[in-house]
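# Secondary and tertiary structure notes
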2 protein chains.
Amino acid sequence: MVMNKETDRSVHMSKAARTRGHIIEKAAQLFNQRGYAGASMAELMTATGLEKGGIYNHFVSKDELAIAAFDYSIRLASRRHVRALKGKQGSSEKLQAIVAAFADSFEAISAWGGCPLMNTAIDSDDAHPALRARAQQAMDDWRYLIRRITQKGIKTGELVPSTDADAVATIMIATLEGALMLAKLYGDRTHLDRAKTHLNIYIDSLHAPL
Amino acid sequence: MVMNKETDRSVHMSKAARTRGHIIEKAAQLFNQRGYAGASMAELMTATGLEKGGIYNHFVSKDELAIAAFDYSIRLASRRHVRALKGKQGSSEKLQAIVAAFADSFEAISAWGGCPLMNTAIDSDDAHPALRARAQQAMDDWRYLIRRITQKGIKTGELVPSTDADAVATIMIATLEGALMLAKLYGDRTHLDRAKTHLNIYIDSLHAPL
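The structure reproduced in this document is the subject of the present report. These figures come from a predicted structure and were not determined experimentally.

## Considerations on the overall build of chain A
Looking only at helices and strands, chain A features 10 helices and 0 strands. Listed by position from the N terminus, the elements making up chain A come as α-α-α-α-α-α-α-α-α-α. Projected onto the principal axes, the alpha-carbon positions of chain A cover approximately 70 × 40 × 30 Å. Split into buried and exposed, the 210 residues of chain A put 40% on the buried side. Restricting the contact set of chain A to residue pairs at least 6 apart, pairs at least 24 apart contribute 62%.

Here it is, written out as structure tokens:
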């Protein structure tokens, strides 16, 4: 078989893209478990099965890899929201689906080393401005999703008009992330179950009287 | 002045204890800001103003120093609770004092690099078993404090008998710690103010009807 130059280049690029994707995936889990500062080059080499040069072929620095890995982790988390919201009707049902998607994923989140958003927020807040900006952007997106669902519910009359959509986002995210921290610390999902029950009562309390 | 052997030894020990205390205090803040893995020996030397040997004179390892520093940070946080509870009557008032003590300390906690308990829980959960055990113990103490206050309130009839004291501890701590994470991420205490308002409504909802 004769490959022309173009085919050859596209095969080459696709292999490079595959290797890059492989590095990002392995680094994402390692960074999430060990922290960006905590993960050493030796651990990155073990996790990816590549030499230092093989990694630096694809990323100019550990920082560049850290940011690509964070973006990858956030994409995974966002997909969980998209799946959870599919087919849900009304604001209450949607808000409760977001709570359930988080709380019910404890085992998966735990195996991944925790919530990448919280880990990066804690890990980067005093140490890594570029990652911190990334974490803020991802948190903005999550808050925007909750706020938009809440505002829609106020508009349709499903939720009480005085509902503060920004506060709903804060309370839901704070309670879920704090409960995940407790659940991970003890290896006990009870804390997330309690958060879910509490938030469902809270979401019910936003309902406009029929 | 002639110093006898005993005086000499006590002066010597007191200087050693002072140096040890100085190292712990500086290390506690550095570890809290940079993480245990993230804080380098060079940074520890800069923060304490001591040479490597001067630090290792007092601690056999970075791990031993990390644990002493964590204990120191937790003692500071516990004192905040003791001060907040002083003179408070009844379970509701005490629970609200715990919420206020945390939420109103945002600037101080922030300057210190965040809540040492959450930082250590996140930092250590997959990487540092000894610190993780320490964080569990400190979290147990905080949960026990809230549980005991809640149980007292049930016993005196102030709170509804069906109140789940364990769940109250989870919800209060999760909401406060999660809101602190948000407040620190954005440098905006609004998230803690919302958590405080939300938790005060929650605590009110536990009140037995008069």
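## As for helix H9 (residues 165-186) of chain B
An α-helix turns once per 3.6 residues; consequently, residues spaced three or four apart project the same way. The first and last C-alpha atoms of H9(B) sit 32 Å apart over 22 residues, in line with the 32 Å expected at 1.5 Å per residue. Of all 22 residues in H9(B), 19 are buried, a share of seventy percent or more.

## Re the relation of the copies chain B and chain A
In screw terms, the move from chain B to chain A is a rotation of 180 degrees and a rise of 0.0 Å along the axis, fitting with an RMSD of 0.0 Å. Between the two chains, the operation in question is that of a two-fold axis. A high fraction, 100%, of the interface residues of chain B reappear at the interface in chain A, so the copies pair face to face through one surface.

## Details of the nonpolar core
Of all hydrophobic cores here, the largest spans 106 residues; its most connected members are A:Met172 and B:Met172. Residues contacting A:Met172, with those up to four places away along its chain left out, are A:Ile98, A:Val99, A:Ile146 and A:Leu199.

## Some words on helix H4 (residues 62-85) of chain A
Residue and element names in this part refer to chain A. With 24 residues, H4 extends 35 Å from end C-alpha to end C-alpha; this agrees with the ideal 34 Å at 1.5 Å per step. The set of residues buried in H4 consists of Leu65, Ala66, Ala69, Phe70, Ser73 and Ile74. Just downstream of H4, glycine 87 is the residue with a positive phi angle, here 80 degrees.

## Focus on the interface of chain B and chain A
Accessible area lost when the parts come together is the quantity often used to give the size of an interface. At the interface, 37 residues of chain B touch 37 residues of chain A. Elements represented by at least two residues in the side of chain B that touches chain A include exactly helix H1 (5-34), helix H7 (116-124), helix H8 (129-156), H9 and helix H10 (190-205) of chain B. Examining the composition of the side of chain B that touches chain A, we find that 15 residues originate from one element, H9(B), more than from any other. Across the side of chain B that touches chain A, the residue classes break down as 18 nonpolar, 12 polar and 7 charged.

## So, the packing of helix H4 (residues 62-85) of chain B against helix H5 (residues 91-103) of chain B
Residues and elements named next belong to chain B. Contact geometry for H4 and H5: axes closest at 9 Å, N-to-C directions at 135 degrees. Relative to H5, the element H4 lies oblique. Where H4 crosses over H5, the two elements pack in a sense that is right-handed. Across from Arg80, His81, Ala84 and Leu85 in H4, the residues of H5 making contact are Lys94, Ala97, Ile98, Ala100 and Ala101. Here the residues of the contact of H4 with H5 sort into 6 nonpolar, 1 polar and 2 charged.

## Re the environment of B:Tyr202
Along the polypeptide, B:Tyr202 turns up in helix H10. The spacing of B:Tyr202 and B:Thr190 is 12 residues in sequence and 18 Å in space, taken between C-alpha atoms.

Rules used in this analysis
Residues numbered from 1 in each chain as written. Chains lettered and ligands numbered in written order. Predicted model: local features only at pLDDT ≥ 70, side-chain atom pairs only at ≥ 80, totals over all residues. Helix = DSSP H or I, 4+ residues; strand = E, 2+ residues; numbered from the N terminus. Buried ≥ 20, exposed ≤ 12 C-beta atoms within 10 Å, placed from the backbone. Contact = placed C-beta atoms within 7 Å. Expected span 1.5 Å × (residues − 1). Least-squares fit on C-alpha atoms with pLDDT ≥ 70 in both. Core = buried A, V, L, I, M, F, W, Y, C linked by C-beta atoms within 7 Å. Nonpolar A, V, L, I, M, F, W, Y, C, P; charged D, E, K, R; others polar. Axes fitted to C-alpha atoms, helices over the stretch in contact; angles between N-to-C directions. Parallel < 35°, antiparallel > 145°, perpendicular 65-115°, else oblique. Left-handed = near helix turned anticlockwise from the far one by under 90°.

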